[in-house]
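Below, each chain spelled out in residue letters.
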Amino acid sequence: MKKKIVVILSVVLSLVLLLSLAACGTQKSAAGTPASYRVNSSEPSEAFNGFAAYDMEAAEYDAAPMAAAKTAAGGTSQASGSSRDSGENTPEIDPEKIIYSGDATLETERFEETVEAVRKLIAERGGFVESSSLSGSNYYSARLRTASFTLRVPSGTFAEIMNTFSDYGNVPYSHTYTENISARYYDTAARLTAYETQEQRLLEMMEQAETVSDLITIEDRLTELRYEIESLQSTLNRWDRQVSYSSISLEIREVREYTPEVEQSFGEQLVRSLRQGWTNTVEFFKAALLWLLESLPVLVLLAVLILIARVLIRKWTKKRREKKAKKAENPAEK
């Protein structure tokens, strides 16, 4: 029995030694085989393998493109921290990207002068009128005039212009909005720099491509990259315009009486409401009378046409009744 156990153990040890020797021989053979023999002819070429490897690396852009993007945006930066820093830890030395915008309502008793003064103010401060609209007739009509402007002014003069509106009349409403886009801006700039670096690398690989399939694959990736680059560049350009030129929505109203700025007691509010109600009633009847006078020629013409139509309809109806009565009296004719 003992001899049998010894024989079995010897066989098992022999098999283990043989397998170990075979594995070592395989590894040595693979290590000593040239690359040209180890790569199957159906696999991508070395240029394409390099492209695929770089494509994986470019997805995780490092801190160097981030620093280059911030430097190109107008600041100096030191590459530090994680490669996926989205810009939230932007150094203080980088210029902040802040978008200013505002809304204001301006009441005036001198409408033409105020509109002209606002246009002149915007032109002197280096801004421009992006859009404008005018409604109403004149001061003596029932409907007072209103002008709406969308203004674009340099960000450095935004606060000054918003404070200057009160020089031209009463400002019952004014509001300022601030949006800090520094984190998003620098993150987008870093992504743009990484994509541009990847594009340059792919262009170099295209010159070294050996097969048509490699060229097609690289061109497809270049098309995607160029789309991303154009999209990011368009976003940065739009942000630059918004940061450089603030937007102001201004409404200029012609009034006969300024909106009171001080707080009123309940009794004063009642008196003012009664006065305003009476004024509104008078204005309504004045507007109705003016509309009636303006529409009088049309109304007269409509009345004449209606009268003629009624006369013709009556004649036609009378003839029809007479014809029916005549047929009823003489059934033989029928």
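Reading guide: rules and limits
- Starting from 1, residues in each chain are numbered consecutively following that chain's sequence as written.
- With the structure being a predicted model, the display of local features is reserved for residues of pLDDT at least 70 and the display and counting of side-chain atom pairs for 80 or more, all residues being used for whole-chain, interface and lining totals.
- Calculated side-chain values reflect all of the structure's heavy atoms, with hydrogen atoms and water omitted.
- Secondary structure elements follow DSSP: runs of H or I no shorter than four residues count as helices, runs of E no shorter than two count as strands, and numbering proceeds from the N terminus.
- Only protein chains enter the accessibility calculation, which uses a 1.4 Å probe; a residue is then buried when its area is under 20% of its type maximum, exposed when over 50%, and partly exposed in between.
- In this description, accessible areas are obtained by the Shrake-Rupley approach with a 1.4 Å probe, and a residue is regarded as covered only by the protein chains that are shown.
- A pairing counts as a salt bridge when a side-chain nitrogen of Lys or Arg comes within 4 Å of a carboxyl oxygen of Asp or Glu.
- Here a strand pair is declared whenever DSSP counts at least two bridges between the two strands.
- Helix axes are fitted to C-alpha atoms over the stretch in contact, other axes to C-alpha atoms as well, and angles between N-to-C directions run from 0 to 180 degrees.
- The contact definition used throughout considers only heavy atoms, calling two residues in contact when any of these lie within 4.5 Å.
- To qualify as a nonpolar core, a set must consist of buried Ala, Val, Leu, Ile, Met, Phe, Trp, Tyr and Cys residues joined through side-chain atoms within 4.5 Å.
- What counts as a ring pair is set by centres within 6.5 Å for rings of Phe, Tyr and Trp (its six-membered ring), and what kind of pair is set by the plane angle: stacked under 30 degrees, edge-to-face over 60, tilted for all other angles.
- Polar contact is defined as a pair of N or O atoms within 3.5 Å, subject to the rule that within protein one atom must be able to donate a hydrogen and the other to accept it, and that residues adjacent in sequence are counted only when both atoms are side-chain atoms.
- The predictor attaches a confidence to each residue, and that confidence, scored 0 to 100, is pLDDT.
- To estimate the expected span of a helix, count its residues, drop one, and scale the result by 1.5 Å.
- What the arc covers is the set of directions going from the helix axis to the C-beta atoms.

1. Let's talk about the overall build of the protein chain
Stage number 1. Per the secondary structure count, the protein chain includes 9 helices and 5 strands.
Stage number 2. When the helices and strands of the protein chain are placed in sequence order, the string is α-α-α-α-β-α-β-β-α-β-α-α-β-α.
Stage number 3. Residues classed as buried in the protein chain amount to 26% of the 334 residues present.
Stage number 4. Total accessible area on the protein chain is roughly 23,600 Å²; 57% of this is exposed by carbon and sulfur atoms.

2. Quick word on the pattern of salt bridges
Stage number 1. Applying the stated rule across the entire model yields 10 salt bridges.
Stage number 2. Ionic pairing is found between glutamate 224 and arginine 221, a salt bridge with its closest N-O pair at 3.1 Å. Taken together, the residues span about one helical turn, with glutamate 224 and arginine 221 both in helix α8 (residues 212-244) at a distance of 3 residues.
Stage number 3. Its salt-bridge partner being arginine 253, residue glutamate 251 comes within 3.4 Å of it at the nearest N-O pair.

3. Topic: the sheet that holds strand β4 (residues 170-180)
Stage number 1. Across the sheet, which stays open at both edges, the 5 strands sit in the order β2-β3-β5-β1-β4 with mixed pairing between neighbours. Only two strands of the sheet have a single partner each, and these edge strands are β2 (128-135) and β4. Strand-to-strand twist in this sheet, taken as the mean axis angle between neighbours without regard to direction, amounts to 10 degrees.
Stage number 2. In the sheet, β2 pairs with strand β3 (residues 146-154) via 7 bridges, with the strands oriented antiparallel. Looking at β3, one finds that serine 131 is bridged to threonine 150.
Stage number 3. Here α8 sits on the sheet in contact with β1 (98-108), β3 and β5 (245-254), set at roughly 55 degrees to β5.

4. Considering the nonpolar core
Stage number 1. One finds Leu151, Phe165, Ile248, Leu250 and Ile252 to be the most contacted residues of the largest nonpolar core, which totals 18 residues.
Stage number 2. Per-element tally for this core: the top contributor is helix α5 (residues 111-124), with 5 residues.
Stage number 3. Among all residues touching leucine 250, those that are not within four sequence positions of it are Ala104, Leu106, Val118, Ala147, Ser148, Phe149, Leu151 and Phe165.
Stage number 4. Membership of the second largest hydrophobic core comes to 11 residues, among which are Tyr186, Leu192, Leu236 and Trp239.

5. Points about the packing of aromatic side chains
Stage number 1. What the rule picks out here adds up to 4 aromatic pairs.
Stage number 2. Ring geometry for tyrosine 185 and tyrosine 186: centres 5.6 Å apart, planes at 90 degrees, overall edge-to-face. Neither tyrosine 185 nor tyrosine 186 differs from the other in exposure class; each is buried.
Stage number 3. Ring geometry for tyrosine 185 and tryptophan 239: centres 6.3 Å apart, planes at 40 degrees, overall tilted. With tyrosine 185 in helix α7 (residues 182-208) and tryptophan 239 in helix α8, this residue pair connects regions lying 54 residues apart in the sequence. By the burial criterion, tyrosine 185 is buried, and tryptophan 239 matches it.
Stage number 4. Through pairs of rings, three or more aromatic residues link up here, namely Tyr185, Tyr186 and Trp239.

6. What about the side chain of arginine 152?
Stage number 1. Relative to the elements of secondary structure, arginine 152 occurs in strand β3.
Stage number 2. For arginine 152, the side chain forms a polar contact with the side chain of glutamate 130, separated by 3.3 Å.
Stage number 3. Those residues within four positions of arginine 152 in sequence are excluded, and the remaining contacts are Ile122, Gly127, Phe128, Glu130, Arg241, Gln242, Tyr245, Ser246 and Ser247.

7. Observations regarding the confidence of the model for the protein chain
Stage number 1. For the protein chain, the average pLDDT comes to 74, and 66% of its residues sit at 70 or higher.
Stage number 2. Across residues 21-88, where pLDDT falls below 50, the model places 69 contacts with residues more than four positions away in sequence or in other chains.

8. Notes on α5
An α-helical segment advances 3.6 residues per turn. Residues three or four places apart therefore align on the same side.
Stage number 1. For α5, which comprises 14 residues, the first-to-last C-alpha distance of 20 Å matches the rise-based estimate of 20 Å (1.5 Å per residue) to within 8%.
Stage number 2. All buried positions along α5 are accounted for by Phe111, Thr114, Val115, Ala117, Val118, Leu121 and Ile122. Down the axis, α5 shows its buried residues gathered within 165 degrees of arc, on one side only. Exposed and facing more than 90 degrees away from the buried side of α5 are Glu113, Glu116, Lys120, Ala123 and Glu124.
Stage number 3. Each element contacted by the buried residues of α5 is listed here: β1, β2, β3, α6 (158-164) and β5.
Stage number 4. Within two residues after α5, glycine 126 carries a phi angle of roughly 85 degrees, on the positive side.

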